[in-house]
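Tertiary structure, described
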Amino acid sequence: MTSEIFDAIHGEVYGVWFLIGAAFVFWMQAGFAMCEAGFTRAKNAGNIIMKNLMDFCIGTVMWFICGASLMLGENVLNGTVGAFSFDVFTNYANFDYSAFVFNLVFCATTATIVSGSMAERTKFSSYCIYSAIISALIYPIEAHWTWGGGFLAEFGFHDYAGSNCIHMVGGICAFIGAWMLGPRIGKFVRDKSGKVTKVNAIPGHNLVIAALGVFILWLGWYGFNGAAATDIETLGSVFLTTTVAPAVATVTTMLFTWFRYGKPDVSMCLNASLAGLVAITAPCDVTDCLGAAIIGLVAGLLVVFGVWFTDNVVHVDDPVGAVAVHMLNGIWGTIAVGLFATASAPGFASAGIMEGLFYGGGFAQLGKQFAGMGITIAWTVVMGLIVFTLIKKTVGLRVGEEEEIQGLDSTEHGLASSYSGFAIMDVSNTMTMDINENTSLGIEDYDEASAARRDAAVPVVVDPTPSTGISKVVIIARLSRYDALKKAMNDLGVTGMTVTQVMGCGIQKGAGDRYRGVEVDATLLPKVKVEVVVSKIPVEKVIESAKKTLYTGHIGDGKIFVYNVAKVVKIRTGEEDMAALQDVE
């Protein structure tokens, strides 16, 4: 009796955990949305959010119409597909609700992987069509082979949580879609023959949002990998491997990009965390800590190679690195089962597979992994080519050039901006005029530099019109130098200035800044524009003080413009010219 009660409680507890895990996986949609939005430009953020939202919503509709039965139905055609049924409508009282919801959220994940690779230039209507088809046909049929009791499950192929069935499939569709769609305007420079001569970096507008997305995804992955566990030992081991692999992958990428490019690449490290998670997804239940660490190490190198390969070899524009993260590491994770599966892992016994090559099991399981993966690749490539070709030939895949340049938020959704009401930069805590005693004015570096170098670093442009005794000095400088500039102006006796948040665009030869391994030679950078009107204070002193303050000797120190002011009127008193400035300076 006690044993029966315990078994009942055990079943109920893990039944609840199964659904909690499904909720975790659903929450990953937010992670994908944030990650993709952060890696792309602000003018397309609303479009990105809409696509990720509709991936789940359209996917849900297609799932209850046909996807669920094609994946979860009884085997037909020798285990190649599930039997079509409407049990969710006709036999709801006896329907397996939990399995329906759990597999639905995984289906939506597969669909949304493609969104990032095709970002910033895809017609929204075309994307909705693709999303419906992958949810209705492409994913359910191949997932049935492994998880629905199909022929790959009977063959002994193992993919615990989706390196193959979800991530590789989504990554292949992403690669095909991005390839057929073509690159974003300005991504590649081609010569007259069409050969790519240069790859341009197009930085994402908000790596903070992208990082939030990665953390959300990592949290959700504990449900992604762990929800199917039915005992505490397997669940604990899955949590361990799901933590170790992405951590090692991220450290590996940090060190590699630090060595290769001179500085650790933030966006690459974010991709590396996801790459490690993707790679561990298939073997997470059958490998140990050492295996997870090696899997993560390879994933960290593979993701950097994948980004370089798509940019520089095949010239496929993948804004978020989905091909490197999901396709390549999905392949690697599937293979890793045949290399690192070990009987010491708590989930090994229930997996019904053989040990991996590196744990004395020989090539048997590795061969099964390659065979199952090869069949899945063939299905996905054929279906992906058919689907995207049909869409391209009928409704079209890509927006027009003018629409792409203007941004999909405006042209596809009627949004003036996804950030209405937000400033480009936040300098609200630096707008007071009090003196900051801790600010260094950089005088020593300025005095040591030659006069020619100082003039080149902070050039001065003077208005040639005759002087009226009143001058306006406009200073464009680094945002980080505002406090120092403010103090310098106060020291001169300037008590009023106009400060504007601006973005500066320039080709900075020799700057050496990189984004995802590609040198950034032209970009919008945060700047501050300070305007000062003076009469009693000599303009030369303002110029000299500003130059001393702003000079670092590096590209982007700033510029100073001097204009003659024809007339000044103080609105409150009606005073004009010199009199109007007496309480300003």
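Please refer to the structure placed before this passage.
What comes next is a walk through the structure. Note that the structure is predicted; figures quoted are calculated from it, not measured. (Residues numbered from 1 in each chain as written. Predicted model: local features only at pLDDT ≥ 70, side-chain atom pairs only at ≥ 80, totals over all residues. Heavy atoms only, no water.)

1. Concerning the overall build of the chain
In plain terms, the rule: Runs of H or I in DSSP of at least four residues are treated as helices and runs of E of at least two as strands, each being numbered from the N terminus. Between buried and exposed lies partly exposed: a residue is buried under 20% and exposed over 50% of the maximum accessible area for its type, with that area taken using a 1.4 Å probe on protein chains only. By definition in these notes, contact holds between two residues if any of their heavy atoms fall within 4.5 Å. All accessibility values rest on the Shrake-Rupley procedure with a 1.4 Å probe; residue burial counts only the protein chains present in the view.
When its secondary structure is counted, the chain shows 20 helices and eleven strands. The buried share of the chain, taken over its 585 residues, is 51%. Put simply, of all contacts in the chain between residues at least 6 apart along the chain, 79% involve residues at least 24 apart. With the model as given, the accessible surface of the chain reaches about 25500 Å², and the carbon-plus-sulfur share is 65%.

2. Focus: the environment of Met-54
Tracing the backbone shows Met-54 in helix H2 (residues 45-72). Along the chain, Met-54 and Thr-112 lie 58 residues apart, while their C-alpha atoms are 9.1 Å from each other. For Met-54, the residues in contact, after removing those within four places along its chain, are Gly-59, Phe-124 and Ser-131.

3. A look at the packing of helix H12 (residues 322-340) against helix H14 (residues 364-394)
What counts here: Convention adopted: a line fitted to C-alpha atoms gives each axis, helices being fitted over their contacting stretch, and angles between N-to-C directions are expressed from 0 to 180 degrees. Roughly parallel covers angles under 35 degrees, roughly antiparallel covers those over 145, roughly perpendicular covers 65 to 115, and oblique covers all other angles. For any pair of crossing helices, the crossing counts as left-handed if the nearer helix is rotated counterclockwise from the farther one by less than a right angle, and right-handed if it is rotated clockwise. The residue classification treats Ala, Val, Leu, Ile, Met, Phe, Trp, Tyr, Cys and Pro as nonpolar and Asp, Glu, Lys and Arg as charged. All others, Gly included, are polar.
Where H12 contacts H14, the axes come no closer than 7 Å and their chain directions differ by 155°. In terms of orientation, H12 and H14 fall into the roughly antiparallel class. Here H12 runs over H14; the crossing is right-handed. Residue-level inspection shows Ile-331, Thr-334, Ile-335, Val-337, Gly-338 and Leu-339 of H12 in contact with H14, the latter providing Gln-365, Leu-366, Gln-369, Phe-370 and Met-373. Classifying every residue of the contact of H12 with H14 gives seven nonpolar, four polar and no charged.

4. Things to note about the side chain of Asn-271
If you trace the backbone, Asn-271 turns up in helix H10 (residues 266-281). Not counting residues up to four positions away in its chain, the partners in contact with Asn-271 are Phe-39, Val-303, Val-307, Val-320, Gly-321, Val-325 and Arg-516.

5. A look at unusual backbone geometry
Backbone geometry follows two general trends: most residues other than glycine have a negative phi, and most peptide bonds adopt the trans configuration. Even without being a glycine, Leu-77 presents a positive backbone phi close to 55°. Within the secondary structure, Leu-77 sits in the loop between strand S1 (75-76) and strand S2 (81-82). By relative accessible area, which is 63% here, Leu-77 ends up exposed. At Glu-120, a residue that is not glycine, the phi angle is positive and equals roughly 80°. Tracing the sequence through the fold places Glu-120 in the loop between helix H4 (97-117) and helix H5 (124-147).

6. Digging into the packing of helix H9 (residues 232-261) against helix H11 (residues 289-312)
In the contact formed by H9 and H11, the axes pass within 7 Å of each other and the chain directions differ by 40°. Relative to H11, the element H9 is oriented oblique. H11 is crossed by H9, and the crossing has right-handed handedness. Contacts between H9 and H11 involve Leu-240, Thr-241, Val-244, Ala-245, Val-248, Ala-249, Thr-252, Thr-253, Phe-256, Thr-257 and Tyr-261 from the former and Cys-289, Ala-292, Ala-293, Gly-296, Leu-297, Ala-299, Gly-300, Leu-301, Val-303 and Val-304 from the latter.

7. Observations concerning helix H20 (residues 539-550)
Rule in force here: Take the number of residues in a helix, subtract one, and multiply by 1.5 Å to get its expected span.
Its twelve residues place the ends of H20 16 Å apart at the C-alpha level, agreeing with the 16 Å of an ideal helix rising 1.5 Å per residue. Val-539, Val-542, Ile-543, Ser-545, Ala-546, Lys-547, Thr-549 and Leu-550 are the residues of H20 that are buried.

8. Overview of the packing of aromatic side chains
Formally: Geometry of aromatic contacts follows a simple scheme: Phe, Tyr and Trp rings, the Trp one being its six-membered ring, pair when their centres are within 6.5 Å, and the pair is stacked under 30 degrees between planes, edge-to-face over 60, tilted otherwise. The rule is short: NZ of Lys or CZ of Arg within 6 Å of the ring centre and within 35 degrees of the ring normal puts a charge over the ring.
Counted under the stated rule, the structure contains 24 aromatic pairs. Their ring planes at 50° and their centres at 5.1 Å tell us that Tyr-92 and Tyr-97 sit as a pair that is tilted. The exposure class of Tyr-92 is partly exposed, given its relative accessible area of 49%. Residue Tyr-97 is classed as partly exposed on the basis of its relative accessible area of 39%. One aromatic cluster in this structure is built from Phe-18, Phe-102, Phe-106, Trp-147, Trp-221 and Phe-224. When the ring centre of Tyr-127 is taken as origin, the NZ or CZ atom of Lys-51, which lies over that ring, is 5.0 Å away. Directly above the ring of Tyr-563 sits Lys-472, whose terminal nitrogen or CZ lies 5.7 Å from the centroid.

9. Focus: the pattern of salt bridges
Where charged atoms from two side chains of opposite charge come close, those side chains can pair. Let me state the cut-off plainly: Here a salt bridge means any side-chain nitrogen of Lys or Arg lying within 4 Å of a carboxyl oxygen belonging to Asp or Glu.
If you walk through the whole model with that rule in mind, you get twelve salt bridges. Taking the shortest distance from any N to any O, the salt bridge between Asp-317 and Arg-184 comes out at 2.7 Å. You can see Asp-317 sitting in the loop between H11 and H12 and its partner Arg-184 sitting in the loop between helix H7 (163-181) and strand S3 (188-190), a full 133 residues away along the chain. Exposure class is identical for Asp-317 and Arg-184. Each is buried.

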